[in-house]
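Observations on chain architecture
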Number of protein chains: 4
Amino acid sequence: MVRVAIIGASGYTGAESIEILLRHDKAELTYLTALPEECGAVAEIFGQLKGRCDLMIELLDLDKLSSMADVALCCLPHKVSMGFVPKLLEAGLKVIDFSADYMIKDVAVYEKYYEVEHTDTANLEKAVYGLPELFRKQIKGANLIANPGCFPTGAILAIAPLLREGLIKTDSIIDSAVTGASGAGKNPSSVFHFPNMNENIFAYGIGVHRHMPEIEQIASEVAGREVNLLFQPHVGPFDRGILSSVYCKPTGKVSSEQLAKLYKDFYSAEPFVQVCNGSPTLKNVAGTNYCHVFPTVAKGMVVCFSAIDNLVKGASGQAIQNMNIIFGLEETLGLK
Amino acid sequence: MVRVAIIGASGYTGAESIEILLRHDKAELTYLTALPEECGAVAEIFGQLKGRCDLMIELLDLDKLSSMADVALCCLPHKVSMGFVPKLLEAGLKVIDFSADYMIKDVAVYEKYYEVEHTDTANLEKAVYGLPELFRKQIKGANLIANPGCFPTGAILAIAPLLREGLIKTDSIIDSAVTGASGAGKNPSSVFHFPNMNENIFAYGIGVHRHMPEIEQIASEVAGREVNLLFQPHVGPFDRGILSSVYCKPTGKVSSEQLAKLYKDFYSAEPFVQVCNGSPTLKNVAGTNYCHVFPTVAKGMVVCFSAIDNLVKGASGQAIQNMNIIFGLEETLGLK
Amino acid sequence: MVRVAIIGASGYTGAESIEILLRHDKAELTYLTALPEECGAVAEIFGQLKGRCDLMIELLDLDKLSSMADVALCCLPHKVSMGFVPKLLEAGLKVIDFSADYMIKDVAVYEKYYEVEHTDTANLEKAVYGLPELFRKQIKGANLIANPGCFPTGAILAIAPLLREGLIKTDSIIDSAVTGASGAGKNPSSVFHFPNMNENIFAYGIGVHRHMPEIEQIASEVAGREVNLLFQPHVGPFDRGILSSVYCKPTGKVSSEQLAKLYKDFYSAEPFVQVCNGSPTLKNVAGTNYCHVFPTVAKGMVVCFSAIDNLVKGASGQAIQNMNIIFGLEETLGLK
Amino acid sequence: MVRVAIIGASGYTGAESIEILLRHDKAELTYLTALPEECGAVAEIFGQLKGRCDLMIELLDLDKLSSMADVALCCLPHKVSMGFVPKLLEAGLKVIDFSADYMIKDVAVYEKYYEVEHTDTANLEKAVYGLPELFRKQIKGANLIANPGCFPTGAILAIAPLLREGLIKTDSIIDSAVTGASGAGKNPSSVFHFPNMNENIFAYGIGVHRHMPEIEQIASEVAGREVNLLFQPHVGPFDRGILSSVYCKPTGKVSSEQLAKLYKDFYSAEPFVQVCNGSPTLKNVAGTNYCHVFPTVAKGMVVCFSAIDNLVKGASGQAIQNMNIIFGLEETLGLK
């Protein structure tokens, strides 16, 4: 049994991770931590866990942690995470970090977008980007995983085959995506107050969203050349899921049929990526670790769509998938 | 032109009142006030009013108010309102008060449910309950209107004909109602955070909701005897509207056909009450000042349904309806 | 491995059953059937099953069925079911029937509410009502389970302790419940057309809903005396779940504290019933087999709330729970 | 009083037009027609009009029409409309046509996208595109208005100033838009069945949506050169509104500040277009005839957002605006 701790367990990704692990046959939740004001019985903090989990969420005690867990899912916010991760690693745990702190390899870019000094560049270098479809081998041996952001997961899976094959121009990709409101996290705000968010949709983070450099970095790595991409997020009146519509210019002549074949080949061995014959729908992936993709040609452009659940494949599910890989378990355990 | 001020204009009922008054041919908005932190251009505070209203929301200045307005819609919260209303009345304005402060005639009941001492019992005595369908005559000459609560409006209109005719037992009425989330007001909270409220429904205020004594008081007045009623509110994942399902015991034999006839007669001259042939639906009243009602007999019980928009017939629309009556205008002005 | 067939697999309860069985360690889906126009690859019919299930939905072949399955989940509509169930039983299978055909023991009541002659009264007599919390022992040895309706599951679990203990009057119970729109099944109609159902809520089946006699029958059995109950369903703008608000008159003096203790004792050994300290919320049970209940005293009435997922505890989850019991498996398998 | 008939009054745009006209001081509804199966009291067909409109929807009688109305809002579907419009014009009425039949000036393009022969090219030539912000002068004298499609209204208003000024490349514009489900019309279907559409979002009409050539035609007219544009619609889980996100390449260096100034100047005299300082939100325009726009520069691209209510500014409201212009009325009558 892999023993799992969750650091920062009181948010949405914490709850989602707990739910997945409760169904996992070869991993067990052993330790949950959060800030003092968020501690208490997990079943009180997350009403949906009443009768399903009798753990307490406690203050982090590193000795306890190192004796009780083999791996830590670190669900702390950006900037906070890099203060804890070095200690978790020193305590001998594998760490799967949900924040952006180990995502952006270029410290200058990180510091520009996150407006804070990076204080753990040593581990940053060693961190592996936890997108199994592209980096499964590296994940296998990693001690520290940077668990991909939700938008980047959707964007990259939508266009990875094209980037790998050089079929699209890398200077003019547009990723126009819509996320559900759970992406905003659990803290109430005027914007996400039900009467404001319901029956509403709008763009945000225009030109400055922090997932943009992450997408560009990974897309560049896949393409083997620098990718310049405009990422425009929107938020809509639903709980879960991200639909990404990615608009690309082809480098040459290409047909929808070729794209379909390419994607089916590229993802043929992937347990969690399905190639569709038309637009993916959020509803078909909500609550699952699946990514549905569909590439096509429209008016001379290559348009690729992907749908994921932002809390599962875009966060907690992918983290468990990474954990399964690291510990040599069947990759789909807890996730089917 | 009736000149209208809104005191406490920065909330949902303020916005709704403004929208209605913008379409009103014989009333004009002249003065809007709020707390310091809510002052500013109304079109900035309510994005939906961009280009439609160029007023500012200002700090209340009583001299200015008395020179600029004939009537004040007082949209302040309970307890705050009774601190301002005496001044507004002294300033010579008609006042339509949205709070509960002038609703409950029995000071002891008010103080029990609202947990505060009543500081303006003099005006409380003179206040008229602003439900035109029952108290139109008194409204006509009133200086101070207690504008009915949203749930009471739905509940009373659902059963007034039965109470008046003595067709139901007055000791065992159950009002089980569902409101949209706008009923909670505009302040963000965890409960109304979109990912919590969406796809959700639950009961609240069990046994203690403050609209219960208001419903009982008016129901008793209509029945001419004491009414004992259990009011149970719920909140659901939609913006607007209240559906009230009221379960009553008949005092004698009665048929659905008799009820239909009774209601059609009772409400025949009412511009805003429609008697339906089946369950009213929220969608048919949302955004309007209408109340749809349907009484029927089921398994020996009398069951009455009503639907209103909580922000219109349940608040701002009814206030304008009251204003129209007070000033001798056509009752439906601005509301059709 | 228990081999499971689903008869009538193409609807919402079929899909939900498939999803649960995919996570079940000791049962395997072997055979899916539907009407000719609904046959085909299950992953085409339910897009959410792409890559997760490669079965075909086929026309029913009894020989094939009897050789391939140990148990049939029969998800056929009322009236159709009783034409198939005798054959399934003769083929040697255990049958868990989702329709009402084996629910109502009084044939005259069945025929009144369902307006059709009952053609399989022999099996009707032997059928066991599949509510494990009340009939676990009988379920264990049953060949034919009448899998409870969604509203009855919520209603009965909300008040069973009170009925058993004789704490409420049995002649005046009111069950006012709200279901999500998936309760209507998958066939499109004007009422459930998104722009009509969204932001809407309304009552239906007033006085005539078919779950009323089912609730009364089981409630009477639990109470040991005839129960007369008014059941009033409503439908709201969300996918899943039923919130039941049940209003009862106490037979004597009772406190909320006594009720809390009674319920905690009554359900102490139940894996899927949780007693809450306040109103249950749909969101906390959505997607799970749990029932959250809360009994309290309000204005001299006993008010009980319950929340379930109509497709899980109200249908497919409960069916699998019954299957687990029949086959001697751990009762929570596939459902945690 | 302008006397208004609605041809094809039984759909969503019919209902919306009726609601607007009920609030219009200088126009009156006189005649409503629909197919035989949709005839009857308007208050029965649209429950929200109970007590507000006592007209009948009747079968079209041209003599009656010509004697009763000055203008016809023709809300018929594509292809059907061109069979009726010539008769309406011959009957002496002004016609505002909601279909695409008089939208696309190039008959070959029309016939390709709509897959039908155009049978009224004579009137097609004379029809004026009813977007007042661009064609107010021509609208004033027109007998036949092609009332713009909902997506084209949003798209064109989002980028018209850029096209007019030559600030963006006209060969690579991408319009990625999301509409509410009312855009699908009132006929139930599996896709728009509430449990399928709720909590969902997806793309459709990929590369082939019929609003694409309409947008290109008008954009080309505004730009004075051929515009090539990829229009990609999506549909989301809300009733009303279209958010358009339009991605463009600048022809030269341009700043967000310049764009803001350009848009404010361009639309300074427009009663229904508001230039925002950030992303427009659907909620701020829902139920109104307003279009909120916001242009900005992001990562070297020009990105323009617009929000409209698809049934108001995208259909019925714009039609009434056109009607007001044609008849020399104040342009905002009925629409403020």
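Quick caveat, the model's predicted, so the values are computed rather than measured.

On to the overall build of chain A. On a plain count of helices and strands, chain A comes out with 12 helices and 15 strands. Computed over C-alpha atoms, the radius of gyration of chain A comes to 19 Å, within 12% of the 20 Å expected from 2.2 N^0.38 for 336 residues, which places it in the range of a compact globule. For chain A, the spread of C-alpha atoms along the three principal axes comes to 60 × 45 × 40 Å. For chain A, buried positions account for 65% of its 336 residues. Counted over contacts in chain A with a minimum sequence separation of 6, partners at least 24 positions apart contribute 70%. Of the roughly 11,300 Å² of accessible surface on chain A, a fraction of 50% belongs to carbon and sulfur atoms. Separation of charge centres in chain A, based on 29 positive and 37 negative side chains, amounts to 7 Å.

This part takes up the relation of the copies chain A and chain D. Mapping chain A onto chain D calls for a screw motion: a turn of 180° about the axis and a shift of 0.0 Å along it, with 0.0 Å RMSD after fitting. The transformation just described matches what one would write down for a two-fold rotation axis. Of the interface residues in chain A, 100% have counterparts in chain D that sit at the interface too, so the contact is made through matching surfaces.

What follows covers helix 4 (residues 81-90) of chain A. All names here are of chain A. Looking at helix 4, one finds that the buried residues are Ser 81, Met 82, Val 85, Pro 86, Leu 88 and Leu 89. The buried residues of helix 4 occupy an angular sector of 165° when projected down its axis, which confines them to one face. Directly after helix 4, the chain includes Gly 92, whose backbone phi takes a positive value near 90°.

A few words on the environment of Thr30(D). Its place among the elements puts Thr30(D) in strand 2 (residues 27-33). In the structure, Thr30(D) is positioned 23 residues away from Ile7(D) in sequence and 11 Å away in space, judged by C-alpha atoms.

A few words now on the interface of chain B and chain D. With 19 residues of chain B at the contact, the number on the chain D side is 19 residues. In total, chain B and chain D occlude about 1,800 Å² of area from one another, counting both sides; carbon and sulfur atoms represent 44% of this. Considering only the side of chain B, the residues that lose the most area to chain D are Lys50(B), Arg52(B) and Lys336(B), jointly responsible for 29% of the buried surface there. In this structure, Asp239(D) engages Lys283(B) in a salt bridge whose closest nitrogen and oxygen atoms are separated by 2.5 Å.

What follows concerns the relation of the copies chain B and chain D. When chain B is fitted to chain D, the residual RMSD is 0.0 Å, and the transformation amounts to a turn of 180° plus an axial shift of 0.0 Å. Mapped onto chain D, 100% of the interface residues of chain B are again interface residues, and the two copies thus contact each other with one and the same surface.

So, on to the sheet that holds strand 7 (residues 128-129) of chain A. Residue and element names in this part refer to chain A. Spatially, 3-4-2-1-5-6-8-7 is the arrangement adopted by the 8 strands of the open sheet, whose pairing is mixed. Two strands lie at the open edges of the sheet, namely strand 3 (40-41) and strand 7, each paired on one side alone. Bridging between strand 2 (residues 27-33) and strand 4 (residues 56-58) involves 2 bridges; their strand directions are parallel. Looking across to strand 4, one finds that Leu 32 is bridged to Ile 57.

With that settled, the discussion passes to the nonpolar core. Counting residues in each nonpolar core, the largest one holds 242 residues, and the members touching the most others are Ile159(A) and Ile159(D). Sequence-distant contacts of Ile159(A), that is, excluding residues within four places in its chain, are made with Ile173(A), Leu229(A), Val246(A), Cys248(A), Tyr263(A) and Cys304(A). The next biggest cluster of nonpolar side chains, apart from the first, holds 240 residues, and it includes Leu93(B), Ala142(B), Ala27(C) and Val128(C).

All right, on to the interface of chain A and chain D then. Across the boundary between the two partners, chain A contributes 41 residues, which contact 41 residues of chain D. Taken together, both faces of the contact between chain A and chain D bury some 3,300 Å²; the carbon and sulfur share is 65%. On the chain A side of the contact with chain D, Glu199(A), Lys283(A) and Lys299(A) bury the most area, a combined 21% of that side's loss. Applying the counting rule to chain A against chain D returns 2 salt bridges. Residues Glu216(D) and Lys299(A) are paired through a salt bridge, measuring 2.1 Å at the closest nitrogen-oxygen approach.

By the element assignment, Ser268(B) lies in the loop between helix 11 (256-266) and strand 13 (273-275). For Ser268(B), a relative accessible area of 59% gives the class exposed.

What follows concerns the pattern of salt bridges. Under the defined criterion, the tally for this structure stands at 48 salt bridges over all chains. Across the salt bridge formed by Glu133(D) and Lys313(D), the nearest N and O atoms sit 2.8 Å from each other. Of the two residues, Glu133(D) sits in helix 7 (residues 132-140) while Lys313(D) sits in helix 12 (residues 312-326), which places them 180 residues apart along the sequence. Like Glu133(D), the residue Lys313(D) is buried in the burial classification. The structure contains a network of salt bridges with shared partners spanning Glu16(A), Arg240(A) and Asp309(A).

Taken over all residues, the pLDDT of chain A has a mean of 97, while the share at 70 or more is 100%. The ipTM for the predicted assembly is 0.96, set against a pTM of 0.97.

This next bit is on the environment of Leu243(B). Along the chain, Leu243(B) turns up in strand 12 (residues 242-248). When the C-alpha positions of Leu243(B) and Val293(B) are compared, they lie 9.8 Å apart, and in sequence the two are 50 residues distant. Apart from residues lying up to four places away in sequence, Leu243(B) is in contact with Ser176(B), Ala177(B), Val178(B), Pro280(B), Leu282(B), Ser306(B), Ala307(B), Ile201(C), Phe202(C), Ala203(C) and His234(C).

Turning our attention to the side chain of Asp120(A). Residue and element names in this part refer to chain A. Residue placement: Asp 120 occurs in the loop between helix 5 (107-114) and helix 6 (121-126). At 2.5 Å, the side chain of Asp 120 forms a polar contact with the side chain of Tyr 102. Apart from the residues lying within four places of it in its own chain, the contact partners of Asp 120 are Met 82, Pro 86 and Tyr 102.

Turning to helix 7 (residues 132-140) of chain A, its buried residues are Pro132(A), Glu133(A), Leu134(A), Phe135(A) and Ile139(A). Each buried residue of helix 7 of chain A lies within a common arc of 155° when the element is viewed along its axis, so the set occupies one face.

Attention now goes to the packing of aromatic side chains. Under the counting rule described, the total for this entry stands at 30 aromatic pairs over all chains. Ring geometry for Phe194(A) and Phe194(B): centres 5.4 Å apart, planes at 10°, overall stacked. Taken together, the residues Phe194(A) in helix 9 (residues 194-197) and Phe194(B) in helix 9 (residues 194-197) connect one chain to another. Judged by relative accessible area, which is 0%, Phe194(B) ranks as buried. When the ring of Tyr263(A) is compared with that of Tyr267(A), the centres are 6.2 Å apart and the planes differ by 65°; the resulting orientation is edge-to-face. When sorted by exposure, Tyr263(A) lands in the same class as Tyr267(A), which is buried. Each member of the aromatic cluster is reached from another via a ring pair, and the members are Tyr263(A), Phe266(A) and Tyr267(A). The side chain of Lys87(B) reaches across the aromatic face of Phe84(B), ending 5.3 Å from its centre.

Bringing the pairing of strand 15 (residues 301-308) of chain D into the picture now. Residues and elements named next belong to chain D. Within strand 15, 8 of the 8 residues are buried, leaving the element largely enclosed by the surrounding structure. Pairing between strand 12 (residues 242-248) and strand 15: 7 bridges, direction antiparallel. Across the sheet, residue Ile 242 finds its bridge partner in strand 15, namely Ile 308. Summarising the sheet, strand 14 (residues 291-298) and strand 15 pair through 7 bridges and their orientation is antiparallel. Bridge pairing links Val 293 to Ser 306 in strand 15. Linking strand 14 back to strand 15 in an antiparallel pair, the connection comprises 2 residues, with Lys 299 at a positive phi of about 50°.

Next up on the list: the packing of helix 8 (residues 150-165) of chain B against helix 12 (residues 312-326) of chain B. Residues and elements named next belong to chain B. Across the interface, helix 8 lies against helix 12 with an axial gap of 8 Å and an inter-helix angle of 100°. Judged by the angle between their axes, helix 8 and helix 12 are roughly perpendicular. Contacts between helix 8 and helix 12 pair Cys 150, Thr 153 and Leu 157 from the former with Lys 313, Gly 314 and Gln 318 from the latter. When its residues are assigned to classes, the contact of helix 8 with helix 12 shows 2 nonpolar, 3 polar and 1 charged.

Here we come to unusual backbone geometry. All names here are of chain B. At Lys 79, a residue that is not glycine, the phi angle is positive and equals roughly 80°. By secondary structure assignment, the location of Lys 79 is in the loop between strand 5 (71-74) and helix 4 (81-90). You can call Lys 79 partly exposed: its relative accessible area is 34%.

A word on the sheet that holds strand 14 (residues 291-298) of chain B. Paired through their backbone hydrogen bonds, the strands of a sheet run either parallel or antiparallel. Residue and element names in this part refer to chain B. An order of 10-11-9-12-15-14-13 is seen for the 7 strands of this open sheet, with the pairing classed as mixed. The sheet is open, and its two borders are formed by strand 10 (202-203) and strand 13, each paired with just one other strand. Across the sheet, helix 10 (residues 211-223) lies against strand 9 (173-179) and strand 11 (229-235), angled at about 135° from strand 11, the strand it touches most.

Definitions and limits used
- Residues numbered from 1 in each chain as written.
- Chains lettered and ligands numbered in written order.
- Predicted model: local features only at pLDDT ≥ 70, side-chain atom pairs only at ≥ 80, totals over all residues.
- Heavy atoms only, no water.
- Helix = DSSP H or I, 4+ residues; strand = E, 2+ residues; numbered from the N terminus.
- Rg over C-alpha atoms; globule rule 2.2 N^0.38 Å.
- Buried < 20%, exposed > 50% of the residue type's maximum accessible area, 1.4 Å probe, protein only.
- Contact = heavy atoms within 4.5 Å.
- Areas by Shrake-Rupley, 256 points an atom, 1.4 Å probe, with all protein chains shown as cover.
- Lys, Arg positive; Asp, Glu negative; His and termini not counted.
- Charge placed at Lys NZ, Arg CZ, Asp CG, Glu CD.
- Least-squares fit on C-alpha atoms with pLDDT ≥ 70 in both.
- Arc of directions from axis to C-beta.
- Buried area = accessible area lost by both parts, 1.4 Å probe.
- Salt bridge = Lys/Arg side-chain N within 4 Å of Asp/Glu carboxyl O.
- Pairing = 2+ DSSP bridges.
- Core = buried A, V, L, I, M, F, W, Y, C linked by side-chain atoms within 4.5 Å.
- pLDDT = per-residue confidence, 0-100.
- Polar contact = N/O pair within 3.5 Å; in protein donor to acceptor, adjacent residues only side chain to side chain.
- Phe/Tyr/Trp six-rings, centres within 6.5 Å; stacked < 30°, edge-to-face > 60°.
- Lys NZ or Arg CZ within 6 Å of the ring centre and 35° of its normal.
- Axes fitted to C-alpha atoms, helices over the stretch in contact; angles between N-to-C directions.
- Parallel < 35°, antiparallel > 145°, perpendicular 65-115°, else oblique.
- Nonpolar A, V, L, I, M, F, W, Y, C, P; charged D, E, K, R; others polar.

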